[in-house]
Protein chains: 2
Amino acid sequence: MKKNDTAKKALALHKKMGGKIRITPAMPIKSRADMSLQYTPGVAAVSTAVAKNNKLARDYTIKGKMIAVISDGSAVLGLGNIGALGALPVMEGKAALFKAFANVDAFPIVLDTQNVDEIVETIIRIAPAFGGINLEDFAAPNCFEIEERVKAALDIPVMHDDQHGTAIAVLAALINAAHVVKKDFKKLKVVVAGAGAAGTAVTKLLLKAGVKDVIVLDRKGTLSKTRADLSGHKQALAEITNPRGIDGTLQDALRGADAVLGVSGPGLMKAADVQLMAQKAIVFAMANPTPEIMPEEAKKGGAAVIGTGRSDYPNQINNSLVFPGIFRGALDNKVKKITDEMKLKAAKNLAALVKKPTAEKIVPGPFDRGVVEAVAKAVR
Amino acid sequence: MKKNDTAKKALALHKKMGGKIRITPAMPIKSRADMSLQYTPGVAAVSTAVAKNNKLARDYTIKGKMIAVISDGSAVLGLGNIGALGALPVMEGKAALFKAFANVDAFPIVLDTQNVDEIVETIIRIAPAFGGINLEDFAAPNCFEIEERVKAALDIPVMHDDQHGTAIAVLAALINAAHVVKKDFKKLKVVVAGAGAAGTAVTKLLLKAGVKDVIVLDRKGTLSKTRADLSGHKQALAEITNPRGIDGTLQDALRGADAVLGVSGPGLMKAADVQLMAQKAIVFAMANPTPEIMPEEAKKGGAAVIGTGRSDYPNQINNSLVFPGIFRGALDNKVKKITDEMKLKAAKNLAALVKKPTAEKIVPGPFDRGVVEAVAKAVR
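Just so you know, these numbers come straight off a predicted model, no measurement behind them.

### Comments concerning the side chain of N318(B)
Position of N318(B) among the secondary structure elements: in the loop between β11 (305-308) and α14 (323-332). In this structure N318(B) comes out as buried when scored by relative accessible area, which is 7%.

### Quick notes on the relation of the copies chain A and chain B
Mapping one chain copy onto the other needs a rotation about an axis and a shift along that axis. Rotating chain A by 180° and moving it 0.0 Å along the rotation axis overlays it on chain B with an RMSD of 0.1 Å. The transformation just described matches what one would write down for a two-fold rotation axis. In terms of C-alpha distance to the rotation axis, chain A has I23(A) as its closest residue, with the C-alpha 2.5 Å off the axis.

### So, the sheet that holds strand β4 (residues 132-135) of chain B
Pairing between the strands of a sheet comes from backbone hydrogen bonds, and it takes one of two forms, parallel or antiparallel. All names here are of chain B. Taken together, the 4 strands give an open sheet; going across it, the order is β3-β2-β4-β5, and neighbouring strands pair in parallel fashion. The open sheet is flanked by β3 (105-110) and β5 (158-160), the only strands paired with a single partner. Put simply, the sheet's adjacent strands are angled 20° from each other on average, direction ignored. One ladder, built from 4 bridges, connects strand β2 (residues 66-71) with β4; its direction is parallel. Counted as the bridge partner of V69 is N134 from β4. Taken strand by strand, helix α7 (residues 142-153) contacts β4 and β5, and its axis lies near 170° from that of β5. Its contacts with the sheet place helix α8 (residues 161-180) against β4 and β5, and it is angled at close to 80° to β5.

### With respect to the packing of helix α9 (residues 197-208) of chain B against helix α10 (residues 232-240) of chain B
Each packed pair of helices is defined by two parameters, the angle between the axes and the distance between the axes. All names here are of chain B. For the pair α9 and α10, interaxial distance at closest approach is 11 Å and the crossing angle is 25°. Relative to α10, the element α9 is oriented roughly parallel. The crossing of α9 and α10 is left-handed. Along its contact with α9, which presents T200, T203, K204 and L207, the element α10 presents H233, L237 and I240. A breakdown of the residues in the contact of α9 with α10 according to their chemical character gives 3 nonpolar, 3 polar and 1 charged.

### So, helix α6 (residues 116-126) of chain B
Every buried residue belonging to α6(B) is among V116(B), I119(B), V120(B), T122(B), I123(B), R125(B) and I126(B), and all of these are buried. Contacts made by the buried residues of α6(B) are with β3 (105-110) and α6 (116-126) of chain A together with β2, β3, β4 and α7 of chain B.

### Re the interface of chain A and chain B
The interface of chain A with chain B comprises 93 residues on the first partner and 93 residues on the second. Approximately 8,900 Å² of surface area, both sides summed, lies buried where chain A meets chain B, with 72% of it carried by carbon and sulfur atoms. Interface area lost by chain A to chain B is led by I23(A), Y39(A) and R125(A), which between them contribute 9%. On inspection of chain A and its partner chain B, the count reaches 4 salt bridges. The interface formed by chain A and chain B holds 26 residue pairs in polar contact (both at pLDDT 80 or more) in total.

### Focus on the side chain of D258(A)
Within the fold, D258(A) resides in the loop between α11 (250-254) and β9 (259-262). Engagement of the side chain of D258(A) in a polar contact is seen with the backbone nitrogen of K189(A), the distance being 2.7 Å.

### Considering unusual backbone geometry
Geometrically, the link from A140(A) to P141(A) is a cis peptide bond, its omega value of 0° lying close to zero. The step from T40(B) to P41(B) runs through a cis peptide bond, and the omega angle for that step is 0°. In this structure, P41(B) sits in the loop between α2 (32-38) and α3 (43-52). Despite not being glycine, K182(A) has its phi angle at roughly 55°, a positive value. Considering the arrangement of structural elements, one finds K182(A) in the loop between α8 (161-180) and β6 (189-193). By relative accessible area, K182(A) is classed as exposed at 72%. You will see that N315(B), though not glycine, has its phi angle at about 60°, which is positive. Inspection of the secondary structure assignment puts N315(B) in the loop between β11 and α14.

### Considering the packing of aromatic side chains
According to the stated counting rule, one finds 9 aromatic pairs over all chains in the structure shown. Judged by centre distance (5.8 Å) and plane angle (20°), the rings of F107(A) and F130(B) are stacked. Placement of the pair is F107(A) in strand β3 and F130(B) in the loop between α6 and β4, with the two residues belonging to separate chains. For the pair F107(A) and F130(B), one class covers both residues: buried. Taken together, the ring pairs connect F107(A), F130(A), F107(B) and F130(B) into an aromatic cluster.

### With respect to the pairing of strand β6 (residues 189-193) of chain B
Residue and element names in this part refer to chain B. By the criterion of burial, β6 is predominantly enclosed, with 4 of the 5 residues buried. Sheet topology note: the β6/strand β7 (residues 213-218) ladder contains 5 bridges and is parallel. Its bridge partner being in β7, V191 is matched across the sheet by I215. With α9 bridging β6 and the parallel β7, this β-α-β connection has right-handed handedness. Taken together, the 4 bridges between β6 and strand β9 (residues 259-262) define a ladder with parallel strand orientation. Looking at the pairing, V191 lines up with V260 of β9.

### Quick look at the pattern of salt bridges
Applying the stated criterion to the full structure yields 44 salt bridges over all chains. Residue R149(B) is joined to D117(B) by a salt bridge in which the shortest nitrogen-to-oxygen separation is 2.8 Å. Taken together, the positions of R149(B) in helix α7 and D117(B) in helix α6 put the pair 32 residues apart, joining distant regions of the chain. The class for R149(B) is partly exposed, based on a relative accessible area of 32%. Classification of D117(B) by relative accessible area gives partly exposed; the value is 43%. For D213(B), the salt bridge identified is with R244(B), shortest N-O distance 2.6 Å. Residue D213(B) is located in strand β7, and its partner R244(B) is located in the loop between α10 and α11 (250-254); the two are separated by 31 residues in the primary sequence. The class of R244(B) is partly exposed, set by a relative accessible area of 38%. Each member of the salt-bridge network shares a partner with another, and the members are E118(A), E121(A), R125(A), E118(B), E121(B) and R125(B).

What counts, and at which threshold
Residues numbered from 1 in each chain as written. Chains lettered and ligands numbered in written order. Predicted model: local features only at pLDDT ≥ 70, side-chain atom pairs only at ≥ 80, totals over all residues. Heavy atoms only, no water. Helix = DSSP H or I, 4+ residues; strand = E, 2+ residues; numbered from the N terminus. Buried < 20%, exposed > 50% of the residue type's maximum accessible area, 1.4 Å probe, protein only. Least-squares fit on C-alpha atoms with pLDDT ≥ 70 in both. Pairing = 2+ DSSP bridges. Axes fitted to C-alpha atoms, helices over the stretch in contact; angles between N-to-C directions. Contact = heavy atoms within 4.5 Å. Parallel < 35°, antiparallel > 145°, perpendicular 65-115°, else oblique. Left-handed = near helix turned anticlockwise from the far one by under 90°. Nonpolar A, V, L, I, M, F, W, Y, C, P; charged D, E, K, R; others polar. Buried area = accessible area lost by both parts, 1.4 Å probe. Salt bridge = Lys/Arg side-chain N within 4 Å of Asp/Glu carboxyl O. Polar contact = N/O pair within 3.5 Å; in protein donor to acceptor, adjacent residues only side chain to side chain. Phe/Tyr/Trp six-rings, centres within 6.5 Å; stacked < 30°, edge-to-face > 60°. Right-handed = clockwise from strand over helix to strand, strands pointing away.

Following this line, the structure appears as C-alpha cells:
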C-alpha cells in the first residue's frame, strides 16, 4: 500500500470507529437484582473488604488486570512533540494491541503537562486502579527521571516501553542475527546510532547481556570520555561504553563494526557507510516510518542481515513483540518490578522462538504463535 | 434477599468477575494490515491531524465518547472516607451502569490524594482523553470547590453526581409527589434534612424550580441567618432559604411542612416526627442503605407519599435515573457545561415519563424504557 493510501485509509477507519477502544461490562446488568449485586447495596460489602485489606483489590477490582498506557505526547512515533491529543490515537492503538495480542486490559491516559514533577505526581495519584504502568512516547532525557521516580514510588510494574520494549526486541534480534552470520554474540562490535530513550536502553541491555564493545553516538558524534559537552544520561553512557575510545563521526565508529543499530531518524546512513563495516555486517535501521537506511541501500553496501521497524520488510524489530507479554506475565505473576534479568530472559525466549534463524527471519512476527507466552514466562 | 446474603453474593460475584469492566478493541486487529491502519504507520496520519486541529479528537479518538468517573474515596456510599481503593468497586459499577443504561463508555479513576489543589490539578492534567467528567463520592465541602474549579478550567462537561444527579432525581420525584397529594408544587413547604453535597444541590435546584419555602438542617439544627457558627456553603444556604426564620430542631422545621427530604443518615426520624407535618405529607428518606426513617414507620406517622433510595421499596429515588442520560445527551450534543436549565428540564422530562403518578409510582425505574432519552434530550 502506498503511503498516502495508508494515511487516507487510516483516517477513514478512525473516523468510522470514533476511538479504538470501548468499555464493556464484565457481566450483564439487566435487572434490579444484577444492579443490587454489582452496584448498591451489594457493592458496599466489596468496598468495605477492599478498604480494610487493599491487597484484595487485585481479586475484586480491575486492579488485577488493568494497565495504564500513559504519555505526555513529547516524542510520538517519528512525529516529535505533538502533545497530549496528538498522542491519543497512538495510546489507544496500544491499548487495543494489548487486548488483541495478550488479553490485557489497558486504558490510555494522555497528560496535559510536560513538566517532570507534575507528570510524576499525576501518575502516582491516579495509580490505585491500575496493575501496571506502561509509559509511552516520553522524550529523553525526561523519560529516564520519570520512569525512575514513578518506579520508586509505586508497588506495581512500571515500564517505559520506548526504552525497554525496544531494547528487548533488539537484543532478541541481535542474538539471532549473530547466529546467522556465525559470529560470537558477546564479541560483536556494536554501534548504536542514537542516544535517546531507545538507544540508551538498548545499550544498557546489550552490556548486561555480555556484549563488550558498544559505541553510542548522538548527533554530534561518538559518546566518549573526552567529550566535554556531555552530562546526565549521555555522560553516564560514555562512562560504560566505547572501550576503544573512538572519538569521531558515525563513519569512524562504523569502521570494522559488526552491527549498527539505528535508533535515531531517517537518512542517517548510505551504502558506503555499510561498506566501512566488518564482513557480514548486521544493520538494524529502526526509525519509523522511514529508517536510517532503506534495506535495499543497506544490501547494496554489503549488509548480511537487515532489520527495520516496518511491517513491509522482513525482520520487523518492534516492541509490539514485547509489551503485551511483559505485562501479561507481570499481571499473572503479581510482579512488582520489571528487572534486568526478566528483560534478558524475555529477549532470549523471544530469540529462541525462531528455531532456525535465517537472514530473512531473525525475529517472530507479532501475530506468530507463542510470542506473548515466550515473553510472559520470563516475567515471574 | 437478606443483607448478609446480598453481601456474600456480591463478594463472590466480584471475585468471579475480577473487576466489572473490560477494554475491548472497537474493531478486530488480526493481521499486519489491521495493525498498519490502527497502529503504525497509519496512525501517524491520525495523530498529525488531531495535533493540528484538536477539535478532530472528538471524531477520531475516544474523546467523543469517553467519560471519566473520578473519586477520591472521601464519601463513598454510606461508608464514609474509605479511600481510593475502597471507592474503586463503586466507580467500576458506575462505569458498567453507564454502558448498560446509555451505551456511554466510562472509565473509573480513583485518586491517591484528598487535597483539593492536588485533586483539581490532577483531573485537569488527565482530562484530554475524556469527553466529560463525572465526579463521584467527594465529601462536602471540598466537593463544591473541586467541581467549580474543574468546571472553570475545562471545556468538557463536569458534574458531581452526588449533588446534581441526586437533585434532578429528587426534583422529578417531588413534582409528581405534589401532583399525587394535589398540592401546588411551588407552594410546598420543604424541609431538607442534611446540608452536605446532596442537600445543598437539592435545595438550590428546588429554589430554581420555584419552590419558595425551603428549610435546610445540618446536625446542629436549622440553617438560618441567626446561626453564628456557619460559614462557606452553609452560610450561603442560610442566606437563600428559611424565609420564615425558623431557628431550632428538625421537629421545629417539620411542624406544618409538606415534604421532608432526607439526605443525611439512618434513624433521623420517627413516626411522631411525621405527625408534626401537614396533612398528606411527602417523606423522601434517601440515605443508603438504611434510610432516615423506614417506610413502614413513615406510613405509621401518616405520610401519604414515601420514597427511598432502595430498590426493595416503591419509589426508588436514585441518581442512576439521571447520570447515564445526562452524559449521553452531553456527548451527543457536544455540550460543554451542564446548566441549571438543563437540570430543570431533565427533572421535568423524568417526571413526565410517569403518565399517571400514584403514591406507589412517582418516578420511573432505572430499567424503564425512555429514561435515558428523557434525560438526554434535556441536555442540548
